[in-house]
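Summary of the model geometry
Take a look at the letters that make up each chain.
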Amino acid sequence: MNGTDGNPPLFPSLDSLESILWPGFAVMVFVATAVLVDMLIILSTRFRLVDLPNRRSAHALPTARGAGVAIVFTTLVASCVAAWRWPDLAYRILAGAMVPCLIVAVVGIIDDLRPLKALVRLAIQVGVAVTMTILLGPLPGIALPGMSSFDFGVFAWPLTIVWIVGLINAFNFMDGADGMAGLGAVVVGLSMAAVAYSVGALAPMLVAAFAAAAAGGFLIFNWHPARVFMGDVGSGFLGAIFAAMPILVRDSRIEEAFVPMALALWPYVYDPFVSVLRRVWNGKNPLEPHREFFFHRLVRSGVSHGWASLFYGALSAVGGVLGIAMVNPLIPAEIRCWLPLVIVALAAAMTFGIELRCSRVPLEPVGGAPPT
């Protein structure tokens with residue numbers, strides 16, 4: 001309420017309160033998700049929605065699954081509030097990002113209840129990616145600090161579709177070890193939110209922060225020893241959300257924000273990418289469930305689920321810090337443009353270290369129970 005007699009207003013404006021309201025709302029998302037996940041654990045056990053150990057999972061005991069529904073619900077509700085706050089962006093947030101991500105979540109629910117064929121899931125994901133690209137626009141290119149932007153030209157559309165489909169699947173693969181997908185979503189969401197804030201994209205910042213808060217509420221029950229897994233409904237939804245974040249940034253900032261946002265994702269993208277290449281090289285079907293990811297090999301070599309998840313979370317956090325540094329104008333552009341090369345060195349060190357450990361420690365057989 002503004003004063004009409006020249007005196008200061010009795011109450012601060014909404015704008016001045018938002019620095020408190022939005023973090024408080026994120027805490028509410030965290031708490032609400034935790035409560036819903038606790039309820040879903042009981043329901044999933046009652047209705048026998050249980051994740052049994054298979055060729056892709058790293059756990060040895062039947063575990064409740066499908067609690068990613070809570071992540072989907074709270075993130076959607078919170079994102080609707082952000083769309084209400086920025087009505088000029090409501091179409092992009094809701095129609096361009098949330099609706100396609102919701103379709104991925106619905107397909108995930110169906111797959112959790114009755115597994116779909118890999119090609120059917122892939123076809124639906126491509127359709128979602130095409131829809132998202134139509135509504136949000138393709139990624140036009142990338143730009144590194146102090147360098148000329150690299151435009152994708154005619155390849156903008158196919159590269160954007162591959163980015164979305166690839167990330168949906170890459171993050172889905174990470175739901176096989178206790179805490180892996182949950183911790184990864186927290187780190188990636190917070191890192192993307194920080195980058196979005198740095199480039200002035202406040203609405204995408206809130207959507208990423210809400211996704212991180214929801215994943216944090218889920219992580220309470222997903223940390224080792226996990227009581228529940230996301231299922232395809234949660235991991236696929238988060239993969240789609242994180243794929244949409246860079247292209248939610250409007251105007252010229254999209255090229256500036258893409259690489260910094262993507263850096264936090266690197267261990268969760270690099271591991272599936274190398275594993276798929278390895279299977280293709282060996283003449284195996286990359287779409288079949290398997291336990292040949294780096295994190296599977298770590299667990300089978302004797303590393304606990306908790307330490308494997310922390311290791312990946314730490315690698316993701318390093319990428320997030322580098323991404324934030326890339327959009328920090330206080331750091332000279334001559335330094336910022338070379339920061340992504342640190343990830344290349346980390347990937348090489350990660351590959352060498354894991355392969356060295358696995359060569360020295362006998363792995364549990366693929367069909368056996370991994371150490372916990």
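Along every chain, residues carry numbers that run from 1 in the direction the sequence is written. Residue-level local features of this predicted model are given only where pLDDT is at least 70; pairs of side-chain atoms are given and counted only at 80 or more, and the full residue set underlies all totals for whole chains, interfaces and linings. To get the side-chain values, take all heavy atoms of the structure and skip hydrogens and water.

1. So, the overall build of the protein chain
Short version of the rule: Only DSSP runs of H or I covering at least 4 residues are called helices, and only runs of E covering at least 2 are called strands; the numbering of each starts at the N terminus. With a 1.4 Å probe rolled over the protein chains alone, any residue whose accessible area is under 20% of its type maximum counts as buried; one over 50% counts as exposed, and the rest are partly exposed. Contacts are assigned to residue pairs that have any heavy atoms within 4.5 Å of one another. Surface accessibility follows the Shrake-Rupley procedure with a 1.4 Å probe radius. Residue values consider only the protein chains on display as shielding.
Scanning the protein chain from terminus to terminus reveals 14 helices and 4 strands. Counting only residues that meet the buried cut, the protein chain has 52% of its 372 residues in that class. By sequence separation, contacts in the protein chain at least 24 residues apart represent 76% of the contacts at least 6 residues apart. Surface summary for the protein chain: the accessible area is close to 17,000 Å², and the carbon and sulfur share equals 71%.

2. Some points on the nonpolar core
We apply this condition: The definition of a nonpolar core used throughout is a set of buried Ala, Val, Leu, Ile, Met, Phe, Trp, Tyr and Cys residues joined through side-chain atoms within 4.5 Å.
Counting 109 residues, the largest nonpolar core has Phe-210, Leu-238 and Phe-242 as the members making the most contacts within it. Counting residues per element, this core draws most heavily on helix H7 (residues 202-222), at 13 residues.

3. A few points about the pattern of salt bridges
Going by this rule: Take a side-chain nitrogen of Lys or Arg and a carboxyl oxygen of Asp or Glu: if they are within 4 Å of each other, that pair is a salt bridge.
Within this structure, the stated rule accounts for 4 salt bridges. Residue Arg-227 is joined to Asp-38 by a salt bridge in which the shortest nitrogen-to-oxygen separation is 3.7 Å. Of this pair, Arg-227 sits in the loop between H7 and helix H8 (231-248) while Asp-38 is found in helix H1 (residues 14-46), placing the two residues 189 residues apart along the sequence. For Asp-38, a relative accessible area of 32% corresponds to the partly exposed category. As a salt-bridge pair, Arg-297 and Glu-355 come within 2.8 Å of each other at their nearest N and O atoms. In this pair, Arg-297 is assigned in helix H11 (residues 294-300) and Glu-355 in helix H14 (residues 340-360), connecting sequence segments 58 residues apart. Overall, the relative accessible area of 17% leaves Arg-297 in the buried class. Note on Glu-355: relative accessible area 28%, which makes it partly exposed. Three or more residues joined by partner-sharing salt bridges are found here, namely Arg-278, Arg-297 and Glu-355.

4. Structural notes on the packing of aromatic side chains
What describes a pair of aromatic rings is the distance from one ring centre to the other and the angle between the planes of the rings. The cut-off we apply is this: Each Phe, Tyr or Trp ring (for Trp, its six-membered ring) is paired with any other whose centre lies within 6.5 Å, and the angle between the two planes then decides the class: stacked below 30 degrees, edge-to-face above 60, tilted in between. Here, over-ring charges are defined by two tests on the NZ atom of lysine or the CZ atom of arginine: distance to the ring centre within 6 Å, and angle to the ring normal within 35 degrees.
Scanning the entire structure with this criterion turns up 15 aromatic pairs. Note on Phe-171 and Tyr-268: the rings are 5.9 Å apart at their centroids and 55° apart in plane angle, and the pair reads as tilted. Of the two residues, Phe-171 is situated in helix H5 (residues 156-173) and Tyr-268 in helix H10 (residues 266-281); the sequence distance between them amounts to 97 residues. Look at Tyr-268 and you get buried, because its relative accessible area is 1%. One aromatic cluster in this structure is built from Phe-171, Phe-173, Phe-242, Tyr-268, Phe-293, Phe-295, Phe-311 and Tyr-312. For the cation-ring pair, Arg-85 lies above Trp-86, with the distance from its terminal atom to the ring centre recorded as 4.9 Å.

5. A few points about helix H6 (residues 180-198)
Rules: For a helix, the expected span equals 1.5 Å multiplied by the residue count minus one.
For H6, spanning 19 residues, the distance from its first C-alpha to its last is 27 Å, which sits close to the expected 27 Å at 1.5 Å a residue. Summarising burial for H6: 15 of the 19 residues are buried, a large majority. Of the residues one or two after H6, Gly-200 is the one with positive phi, at around 80°.

6. Considering the environment of Ile-324
Its location among the elements puts Ile-324 in helix H12 (residues 305-326). Between the alpha carbons of Ile-324 and Ala-264 there is a distance of 9.6 Å; along the sequence they are 60 residues apart. Setting aside residues no more than four positions away along its own chain, Ile-324 makes contact with Ser-191, Ala-194 and Val-195.

7. Considerations on unusual backbone geometry
As a rule of thumb, non-glycine residues mostly have phi less than zero, and peptide bonds are mostly trans rather than cis. Put simply, His-224 and Pro-225 share a cis peptide bond, and its omega is -5°. Residue position: Pro-225 is located in the loop between H7 and H8.

8. Section: the confidence of the model for the protein chain
Rule in force here: As a per-residue measure, pLDDT tells how confident the predictor is, with possible values from 0 to 100.
Per-chain confidence: the protein chain averages 86 in pLDDT, with 86% of residues scoring 70 or above. Ignoring residues within four places in sequence, the model shows residues 10-14, a span with pLDDT below 50, making 4 contacts including any to other chains. Predicted confidence is poor over residues 366-372, with pLDDT under 50, and the contacts of this stretch with residues over four places away or in other chains come to 17 contacts.

9. A short note on the packing of H12 against H14
Cut-off, in case you're wondering: Helix axes are fitted to C-alpha atoms over the stretch in contact, other axes to C-alpha atoms as well, and angles between N-to-C directions run from 0 to 180 degrees. Any angle from 65 to 115 degrees is called roughly perpendicular, while one under 35 is roughly parallel, one over 145 is roughly antiparallel, and all others are oblique. Charged means Asp, Glu, Lys or Arg here, nonpolar means Ala, Val, Leu, Ile, Met, Phe, Trp, Tyr, Cys or Pro, and polar covers whatever is left, Gly included.
Two numbers describe how H12 lies on H14: the axes approach to 10 Å, and their chain directions differ by 170°. One element, H12, and the other, H14, form an angle in the roughly antiparallel class. Between H12 and H14, the contacting residues are Phe-311, Tyr-312, Leu-315, Val-318, Gly-319, Leu-322 and Met-326 on the first element and Pro-340, Val-342, Ile-343, Leu-346, Met-350 and Ile-354 on the second. For the contact of H12 with H14, the residue count by class is 12 nonpolar, 1 polar and no charged.

10. Here's the deal with the packing of H10 against H14
Describing two packed helices takes the angle between their axes plus the distance from one axis to the other. The cut-off we apply is this: In this scheme the crossing of two helices becomes right-handed for a clockwise turn of the near helix relative to the far one and left-handed for an anticlockwise turn of less than a right angle.
In the contact formed by H10 and H14, the axes pass within 11 Å of each other and the chain directions differ by 55°. Considering the angle they form, H10 stands oblique to H14. When you trace H10 past H14, the crossing you get is right-handed. Here Trp-266, Tyr-270 and Arg-278 of H10 come into contact with H14, specifically with Ile-343, Leu-346, Ala-347, Met-350, Thr-351 and Glu-355.

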